[in-house]
Amino acid sequence: MSSVTFWTGKATLEYRFRQLDNEAERDIRKIEKRGMRVVAEALEKQLRLALPNEGVVEDAVNRLSLGDEILKDALTGFINEAILLGTDNARSEIDVVYGVEKQFDNLGLDDVAGEAIGWVTQRINTLMQELSHTSRDTLQKLIAQWKGNDLPFSSLIDTLERAGWGFDLRRAKMIVETEATRAFNKGKLMVAASSALTMHKRWVTAGDERVCPICTELGSVRYASGEGVGLQGDFEHPGGSGAAEQFGGQLYQQPPAHPNCRCKVRLVVVGVPVPL
């Protein structure tokens with residue numbers, strides 16, 4: 001192979017990966033936008049069911065469960081969309097580096113879909129427990145604070161809707177961005193694990209000014225050509241200077257590394273060079 005052919009092929013590969021990254025970013029932002037609206041509405045409904053009036057303040061924490069199914073449905077919708085987008089993106093990435101219709105000869109796509117649905121169900125159950133704990137704790141603390149200040153009932157509702165970690169749009173944004181990232185990357189890794197190919201993974205950041213000290217360094221790790229971290233392995237934070245130093249040695253299976261994380265995994269067919 002001549003050097004001209006090699007560099008032409010490399011440029012084409014980089015161009016296709018940029019296309020895939022841009023498409024995935026566009027689509028996941030659409031999923032998040034819809035998800036944030038639905039989850040914010042679900043959180044507001046949950047609050048209204050728990051606290052319809054001042055007469056039920058004493059039982060408000062227990063009444064939170066009245067809105068569980070509404071919230072569960074809201075979460076399930078966008079997480080299902082995100083994991084399926086991840087499986088599609090994974091297939092496209094493997095197409096680029098290995099060739100269309102080659103990598104799936106021994107891959108049962110129905111099995112991947114079933115596994116994805118099973119994972120979503122399990123994740124929703126865990127997430128509901130986590131969110132319930134936070135919601136109950138927030139409600140308990142703010143009700144106690146409200147009682148101590150002898151304020152009108154409307155003041156309690158207003159505080160709960162603006163708390164940022166309770167029943168408002170800011171919390172919905174954090175939930176949706178974090179969980180969409182988790183599901184998208186999980187979908188990619190499920191496809192990679194089901195493939196007959198030997199696959200690795202790399203950590204890729206959004207590459208903008210919002211990238212944090214945790215992810216900046218995780219995305220800066222360099223690997224040998226056609227290699228990365230094994231699918232079952234962990235990304236190890238390399239540390240660094242300044243704020244990044246405190247994260248050195250911490251392990252991450254996949255993004256998200258923190259709430260609101262926007263990072264992605266890049267799939268690598270072992271032995272086939274790919275851009276970062």
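Below: a short report on this structure. (Residues numbered from 1 in each chain as written. Predicted model: local features only at pLDDT ≥ 70, side-chain atom pairs only at ≥ 80, totals over all residues. Heavy atoms only, no water.)

The subject of this paragraph is the sheet that holds strand β2 (residues 229-230). Pairing within the open sheet is antiparallel, and its three strands lie in the order β2-β1-β5. Edge positions in the open sheet fall to β2 and β5 (264-269), since each of these has one partner strand only. Judged from the two bridges that link them, strand β1 (residues 199-204) and β2 form a sheet pairing that is antiparallel. Bridge assignment links His 200 to a residue of β2, and that residue is Gly 230. Along the sheet, helix α6 (residues 169-194) contacts β1 and β5; its crossing angle with β5, the most-contacted strand, is approximately 15°. (Pairing = 2+ DSSP bridges. Helix = DSSP H or I, 4+ residues; strand = E, 2+ residues; numbered from the N terminus. Contact = heavy atoms within 4.5 Å. Axes fitted to C-alpha atoms, helices over the stretch in contact; angles between N-to-C directions.)

A cis geometry characterises the amide bond from Pro 255 onward to Pro 256, with omega recorded as 10°. Structurally, Pro 256 is set in the loop between β4 (251-252) and β5. The backbone of Asp 150 shows a phi angle near 55°, a positive value even though the residue is not glycine. In this structure, Asp 150 sits in the loop between α4 (109-149) and α5 (153-162). One non-glycine residue, Asn 260, lies in positive phi territory at about 70°. Residue placement: Asn 260 occurs in the loop between β4 and β5.

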